[in-house]
Structure formats: structure tokens, C-alpha cells
Amino acid sequence: MKSKVALVRCNSYELNEVKQAVSKGIELIGGPENFVKQSEKIVLKVNLLAADVPEKCVTTHPSVFRAVAEIFVNEGAIISYGDSPGFGAPYATAKKAGLTDIADELNIELADFKEGKEVFFETGKQNKKFLIANGVLESDGLISLPKLKTHGLEKFTGCIKNQFGCIVGMRKAEFHVKLPDATDFAKMLVDLNNYIKPRLYIMDGIIAMEGNGPRGGNPKPMNVLLFSTDPVALDATACRLIDLNPALVPTTLIASETGTGTYSEAEIEIVGDELKSFINSDFVVDRTPLKKAKNSKISKFLNNRLVPKPFILSEKCTKCGTCINSCPVEGKAVNWIDGNHSKVPVYNYDKCIRCYCCQEMCPESAIILRDPLIRKVSKIF
Ligand code: SF4
Ligand code: SF4
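The shown structure was predicted, so the numbers you read here are calculated from the model rather than taken from an experiment.

Observations regarding the pattern of salt bridges
One pass over the structure, following the stated rule, counts 14 salt bridges. The shortest N-O distance in the salt bridge between Glu40 and Arg199 comes to 2.8 Å. In this pair, Glu40 is assigned in the loop between α1 (15-28) and β2 (41-46) and Arg199 in the loop between α8 (182-196) and β10 (200-210), connecting sequence segments 159 residues apart. Classification of Glu40 as buried rests on a relative accessible area of 15%. Assessed through its relative accessible area of 24%, Arg199 is described here as partly exposed. If you follow the salt bridges from partner to partner, you end up with Lys19, Arg66, Glu70 and Glu105 in one network.

A short note on the site of ligand 2
Near ligand 2 you find 14 residues, and of these Cys327, Cys352, Cys355, Tyr356 and Cys358 are the closest. Here the shell around ligand 2 is composed, by residue class, of 13 nonpolar, no polar and one charged.

Some thoughts on the packing of helix α9 (residues 231-241) against helix α10 (residues 250-257)
The contact between α9 and α10 brings their axes to 9 Å, and the two run at 145 degrees. At the point where α9 passes α10, the crossing takes the left-handed sense. Contacts from Val232, Asp235 and Ala236 of α9 reach α10 at Thr252, Ala255 and Ser256.

What about the nonpolar core?
If you look at the biggest cluster of nonpolar residues, it comprises 40 residues, and the most contacted ones within it are Leu44, Phe72 and Tyr81. Residue contacts for Leu44: discarding those within four places in its chain leaves Phe65, Val68, Ala69, Ile79, Ser80, Tyr81, Gly82, Ile143 and Leu145.

Concerning the environment of Ser144
Summarising the element assignment, Ser144 is placed in strand β7 (residues 141-145). Taking C-alpha positions, Ser144 is 24 Å from Gln359, a pair spaced 215 residues apart along the chain. Within polar-contact distance, the side chain of Ser144 engages the side chain of Gln163 at 2.7 Å.

Considerations on the packing of aromatic side chains
Using the criterion set out here, one finds six aromatic pairs in the structure. Seen in terms of ring centroids, Phe65 and Tyr81 are 5.0 Å apart; in terms of plane orientation they differ by 55 degrees. Their pairing is tilted. Of this pair, Phe65 sits in helix α2 (residues 62-74) while Tyr81 sits in strand β3 (residues 78-82), placing them 16 residues apart in sequence. With a centroid separation of 6.5 Å and an interplanar angle of 65 degrees, the aromatic rings of Phe164 and Phe175 are classed as edge-to-face. Residue Phe164 is located in the loop between α6 (159-162) and α7 (171-178), and its partner Phe175 is located in helix α7; the two are separated by eleven residues in the primary sequence. The residues Phe164 and Phe175 share a single accessibility class, namely buried. Members of the aromatic cluster, connected to one another through ring pairs, are Phe130, Phe164, Phe175 and Phe185.

Notes on the side chain of Thr251
Locating Thr251 in the fold gives a position in helix α10. Those residues in contact with Thr251 that sit more than four places away from it in its chain are Glu154, Ile160, Ala186, Leu189 and Val190.

Focus on the site of ligand 1
Lining the immediate environment of ligand 1, one finds 14 residues, of which Cys317, Cys320, Gly321, Cys323 and Cys362 sit closest. Among the residues forming the shell around ligand 1, the class breakdown is nine nonpolar, three polar and two charged.

Details of the packing of α1 against α2
Their axes nearest at 9 Å, the elements α1 and α2 cross at an angle of 50 degrees. In terms of orientation, α1 lies oblique with respect to α2. Between α1 and α2 lies a crossing whose hand is right-handed. The residues of α2 that touch α1, namely those facing Leu15, Val18, Lys19, Val22, Ser23 and Ile26, are Ser63, Val64, Arg66, Ala67, Val68, Glu70, Ile71 and Phe72.

Here we look at the pairing of β2
Most of β2 sits inside the fold, with five of its six residues counted as buried. Of the strand pairs in this sheet, β2 and β3 are connected by five bridges, and their pairing is parallel. Note that in β3 the partner of Lys41 across the bridge is Ile78.

Points about the domain arrangement of the chain
As far as domains go, the chain holds domain 1 (3-278) and domain 2 (297-380). The C-alpha centroid of domain 2 is placed 27 Å from the C-alpha centroid of domain 1. Domain 1 puts 18 residues into the contact, and the matching count from domain 2 is 19 residues. Interface area for domain 1 against domain 2, summed over the two sides, is near 1500 Å², with a carbon-plus-sulfur share of 58%. At the boundary of domain 1 and domain 2, one finds zero salt bridges. Between the two partners, domain 1 and domain 2, sit seven residue pairs in polar contact (both at pLDDT 80 or more). For the side of domain 1 that touches domain 2, the element with the most residues is α7, which contributes three residues. A per-class count over the side of domain 1 that touches domain 2 returns eight nonpolar, seven polar and three charged.

What counts as what
Residues numbered from 1 in each chain as written. Chains lettered and ligands numbered in written order. Predicted model: local features only at pLDDT ≥ 70, side-chain atom pairs only at ≥ 80, totals over all residues. Heavy atoms only, no water. Salt bridge = Lys/Arg side-chain N within 4 Å of Asp/Glu carboxyl O. Helix = DSSP H or I, 4+ residues; strand = E, 2+ residues; numbered from the N terminus. Buried < 20%, exposed > 50% of the residue type's maximum accessible area, 1.4 Å probe, protein only. Near = heavy atom within 4 Å. Nonpolar A, V, L, I, M, F, W, Y, C, P; charged D, E, K, R; others polar. Axes fitted to C-alpha atoms, helices over the stretch in contact; angles between N-to-C directions. Left-handed = near helix turned anticlockwise from the far one by under 90°. Contact = heavy atoms within 4.5 Å. Core = buried A, V, L, I, M, F, W, Y, C linked by side-chain atoms within 4.5 Å. Polar contact = N/O pair within 3.5 Å; in protein donor to acceptor, adjacent residues only side chain to side chain. Phe/Tyr/Trp six-rings, centres within 6.5 Å; stacked < 30°, edge-to-face > 60°. Parallel < 35°, antiparallel > 145°, perpendicular 65-115°, else oblique. Pairing = 2+ DSSP bridges. Domains from an automatic or database assignment. Buried area = accessible area lost by both parts, 1.4 Å probe.

If you want it as C-alpha cells, here you go:
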């Protein structure tokens, strides 16, 4: 049987338009009664990467959140929501993202994403232990609401990557140190997703993020909402909309190979609006094959010559220190010069494991990824 992905056109975040589109998409994928039962505790896993306003398109938009929440509240489910941000506290992040007022109005609680419990996942291939947020463990099920965005390490962040925020606080950073290679990191994300098994995925691609994502890129209208129970099929379809080969995205490739879902076009049934009508080949995303990053001595030598480096655009830097706080490497691979907070931080590329947490979390889009010279030359020839 094919995996079904629903595509529904939605040209703005105007609430009534979003409500209609969300309702249509959920019907196309089986109807709300297919995903929740009366009195079940369901957590909406929104994307709250960092405290940014909705217009920056970093987080799940409030209109999408509201439309989805209302449908499942009306279905009789006890809805909560949450995420563990890359930086900052969940409530403050949700407030800035415009979700808290809606939640108060709908009587929806912010689930506990601050504390968690260790779980053992026997069938995990890369990782068997996770510290999962209590809000997730105490629910009967999860509905995932990712945002269509680019990503420095994994090229694209979608359904599978969205569950990374179910791991609490700094435990996320530990994975970057343990698994600096994008493929290994993707294997862990696939394990995590297979443990949590969201019931449904609804991707906010109305205004996506291109370029220097997942926080510092530019908003890009794609005018689409995507719905599926297969996260691989949904992510692959989103990739096709931005003209990115899904096989170049480690999470999609690994999840497909390990049976989480399929990225094959022949095995995906598109329902709703026509896929072709959304394709945007101008979308700015890295379409080159993956660059490997490893943590051994030889690989560090190669990293410095082959793998893109994070680089600070000094004219944009406000010296806030977020990049330093985000760096998971012991002793920090980006730091103040002699502790001087009035100067732009500098990198120690020999220490840097290329996890791109600093680029991901910089609030000023001041960190970009630069190809080392040898890669630039090899692209010419
Ligand atoms: S996070 Fe960005 S703005 Fe803040 S110090 Fe680092 S580079 Fe500068
Ligand atoms: S400097 Fe940036 S890319 Fe390098 S290890 Fe630290 S956070 Fe990761």
C-alpha cells in the first residue's frame, strides 16, 4: 500500500483560510476521528527552536497551531503542546512565538518539556537510551507540527527532525558531541522518531525558510500545508517541492532504509492539490552531496579542509554570546577573545566538530556556513 501525503494550498496565515486548509488536509488523510479518541491526552509537538516572532518563520505559526488544536479539542481529546527549545525556556519561547495566548484561550496546557525520564529503546540502531520530556511520556499520543526550513547539518528540517525537541534541555547538545557526523546524527533522530511514533504529521509550509536556516534564513512563501502519517513520505514530498533530492537528506535516506517510511515517488500517493503546482526551484537550499564530519584526529584535519566552516559576519554580530552558550564542545570551539565581551567571538576550528549549533541559534543571522577553499576550487573544476 502506498503512503498517502495530502497537499493543501493555503496562501496566507489568515486564520479562516488556515482553518479551512487544515480541516481539508486532515479529512484527506483519514479524518480527525482516525487519530484521537475521546479523553485521550494528545501533545502537539510544535517547533519552538528559539524565541522568535512568527514573522521570522522559525517556529510553527500560531494560526496553524490554533487550527490543529481546535480540531482535536472538538474531537474530545485533552490537548497540550510543547517543545524543548535549543536555547531558552519553553514558556518564554512559546510566548514570543505567539502560542501562549491561543493556548490560554483554548484551555490548552503547556506540557512539561523541562524535565524528563530516561527511556530504553531496545530496537534503536544508533541509540537505545533517550531522556524524553515528561510531557511526551505522560501523553497517549503525539501529533507533530514541523516547519518547512533549511538546516545547516541535515540540509532540511522536517517531520523526523522535529522530535529532537522531545529530548530535554542540554541533553540535546550531548548528542551533537557524541554524533558529529550528519549521518550518525540522522540515525539517532530516526531511532528517536521510531520510539515516539507520532500519530500524524502536519507541516507548516505556508511561509517556509530558505538559505541560512533553521533560524537565520529568509522567509519564503510556499503556500502549502502537508499532512501524512508517514514522516519519510512527507519529508520527501516537501523536499520535492523545494527541488531538493530527498536522498541527499540524511534523515530521509536513513529512515527510508530502515523501514520507517518511504521516500520513493512510486510508493507515495499525493492527494489534494497537485504537487507540480508548488515546486519552486529557486528555493535556496544546499543541493550538494553531504560532507562528512568526524571527530578523530585525521578527520579533524579533513574537516578543516573539506567540511563547511561556521563563520561570523562581524558587521551583523551584536556580541550576545548565544553562539558560545550553544556550543556543545567542552572548552568551547567558539569563544570570546581573552574573555572580552566587547569583541566578536572567534572560532577554534581544530576543536569545532561542525555541529552548527552556533549557526542554528544565532539570533542575528550573523553566522553563515562557508565552503573551505579546497571545496570551492573543486567546484570550479
Ligand atoms: S550568536 Fe550571533 S550575534 Fe550573538 S555573539 Fe554569536 S555571532 Fe554574534
Ligand atoms: S563552534 Fe559551532 S559548529 Fe563548532 S562545535 Fe561549536 S557549536 Fe558546533
